[in-house]
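Below, each chain spelled out in residue letters.
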Amino acid sequence: MAFSSSWRPVAAALLVALCCFCGIGLPAAAGRIDEGLEVTWGDGRGSVSPDGETLTLSLDHTSGSGFRSRDTYLFARADMQIKLVPNNSAGTVTTFYFISEGPWDVHDEVDLEFLGNVSGQPYTLHTNVFANGNGGKEQQFHLWFDPTTDFHTYSIEWTNNHIMVLVDGTPIREFKNHADRGVPYPSSQRMRLYGSLWDAEDWATQGGRVKTDWSQAPFVAQYRNFTAASSSSPAAGGYGQEMDATAQQAMKWARDNYMVYDYCADGKRFPQGVPPECSMP
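Conventions and cut-offs
- Residues numbered from 1 in each chain as written.
- Predicted model: local features only at pLDDT ≥ 70, side-chain atom pairs only at ≥ 80, totals over all residues.
- Heavy atoms only, no water.
- UniProt positions renumbered as here; feature names shortened; annotations may be inferred.
- Contact = heavy atoms within 4.5 Å.
- Polar contact = N/O pair within 3.5 Å; in protein donor to acceptor, adjacent residues only side chain to side chain.
- Buried < 20%, exposed > 50% of the residue type's maximum accessible area, 1.4 Å probe, protein only.
- Helix = DSSP H or I, 4+ residues; strand = E, 2+ residues; numbered from the N terminus.
- Pairing = 2+ DSSP bridges.
- Axes fitted to C-alpha atoms, helices over the stretch in contact; angles between N-to-C directions.

**Re the UniProt feature "glycosylation site" (unreviewed entry) in the protein**
Listed under "glycosylation site" (unreviewed entry) in the UniProt record, and renumbered for this structure, are Asn 117. Not counting the four nearest positions on each side in its chain, Asn 117 is found in contact with Asn 87, Asn 88, Ser 89, Ala 90, Pro 122, Thr 205 and Gln 206. Reaching out from Asn 117, the side chain makes a polar contact with the backbone oxygen of Pro 122 at a distance of 3.1 Å.

**What to know about the pairing of strand S13 (residues 191-199)**
Extensive coverage of S13 is indicated by the burial of 7 of its 9 residues. Pairing of strand S4 (residues 65-73) with S13 involves 6 bridges; the strand directions are antiparallel. Bridging across to S13, Arg 68 finds its partner in Tyr 194.

**Considerations on the sheet that holds strand S3 (residues 54-59)**
Strand order across the open sheet formed by 7 strands is S2-S3-S14-S5-S10-S11-S12, with antiparallel pairing between neighbours. Each edge of the sheet is formed by a strand with only one pairing partner; in this case those strands are strand S2 (46-48) and strand S12 (170-176). Strand-to-strand twist across the sheet, computed as the mean angle between neighbouring axes with direction ignored, equals 20°. When S3 meets strand S14 (residues 219-230), the two strands line up antiparallel, connected through 6 bridges. Residue pairing across strands places Leu 55 opposite Tyr 223, the latter belonging to S14.

**Details of the side chain of Asp 111**
The topology assignment puts Asp 111 in strand S7 (residues 109-115). Discounting residues that sit within four places of it in the chain, Asp 111 has contacts with Phe 96, Tyr 97, His 126, Thr 127 and Asn 128.

Structure below.
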């Protein structure tokens, strides 16, 4: 969906207000990116620039690559600038996510996956939340800009009250803690941040109908300006605040115009009724 000219002044005003609300903009780099992140797989396909500013992941027919944070967190705000794979990125998945490191059947996870597409077609930002091994809470979005021509900031805010996903400071998703009403919520397991670039041609693009064009390899995604702050850190800025009316309006705009899938609206998937949190305020 195009970002129409009539919306640009409204969106600009919302973004300015949101940056004040969230205490963010484009986060300043705190030293070298590999002070907070380490490449963990890819056999040389993941690397850090000599100046320490940019971490690059690449994917070819043999392997993808990935990294993880050096620290673990129990409630945190993480921001990362990412420039996604350009041109024909069909079949590729670029990720940025929190995940716990205990047994898989009770794991927690907050997922951001960027699903590639053929040239000229939009990326899909796939989001999901797992708690105690329970997931299936997918929401998907297109973006109001080309995410391959420049870096954009993607954020996960994880508190004891909610999980919020933001794009360039605009909230696009909020998952509230309704554990007291029987809805699993990640609140007891520390999680580590991970990022990766990998091949998922069997499902990533148009349900797997469009395969990876390996003649375009290597595929490359870049990450920079990583910051992560716990709720007790002054660097977290506005971390953990409730959304005010301006933030709620911005999220409504993003969801009304760019959300392309919501598990809470999928009656075919849930013929006996959508999950209970879908009707909780």
